[in-house]
Amino acid sequence: MPAKKKRTVKRSGPKKAAAAKSFKIGKDSSDFMSFRITDQTIYWSILFIYILALSLWVLNIQIDTLRILDSIQSV
């Protein structure tokens, strides 16, 4: 009867930890109080104008409704 062969198990050593990197503060590209028109400025301006127009439209509808109700009550 032949001897059974032992299976070899490949073992690796402990994994190395990732090297820690220090964070460095970068220089600001512009001053905090500087004014510059960017894409976000345009997007927010369009959104503001849209919301303002909708609120004026709703206000106009409310005023028209109140006028109709006043005309109904006065009759």
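Nothing here was measured: the structure is a model prediction, and the numbers come from that model. (Residues numbered from 1 in each chain as written. Predicted model: local features only at pLDDT ≥ 70, side-chain atom pairs only at ≥ 80, totals over all residues. Heavy atoms only, no water.)

(A) Molecular detail of the overall build of the chain. Tallying secondary structure elements over the chain gives one helix and zero strands in all. Counting only C-alpha atoms, the chain reaches 115 × 50 × 15 Å along its principal axes. A total of 75 residues make up the chain; the buried ones form 0% of that total. When the accessible area of the chain is evaluated, it comes to approximately 9000 Å², of which 63% is carbon and sulfur surface. Side-chain charges of the chain comprise 13 positive and 5 negative groups, with the mean position of each set lying 48 Å from the other. (Helix = DSSP H or I, 4+ residues; strand = E, 2+ residues; numbered from the N terminus. Buried < 20%, exposed > 50% of the residue type's maximum accessible area, 1.4 Å probe, protein only. Areas by Shrake-Rupley, 256 points an atom, 1.4 Å probe, with all protein chains shown as cover. Lys, Arg positive; Asp, Glu negative; His and termini not counted. Charge placed at Lys NZ, Arg CZ, Asp CG, Glu CD.)

(B) Quick peek at the pattern of salt bridges. The full count for this structure, using the stated rule, is one salt bridge. D64 is the salt-bridge partner of R67, the closest N and O atoms lying 4.0 Å from each other. Linking R67 with D64, this pair stays in helix α1 (residues 39–74), spanning three residues, or about one helical turn. (Salt bridge = Lys/Arg side-chain N within 4 Å of Asp/Glu carboxyl O.)

(C) Quick look at a nonpolar patch on the surface. On the surface, a nonpolar cluster with roughly 830 Å² of combined accessible area is contributed by W44, L47, Y50, I51, L54, W57, V58 and I61. Position of V58 relative to the elements: it lies in helix α1. Residue V58 is classed as partly exposed on the basis of its relative accessible area, which comes to 40%. (Patch = residues over 30% accessible without salt bridge, like charges linked within 9 Å, V, L, I, M, F, W, Y side chains within 5 Å.)

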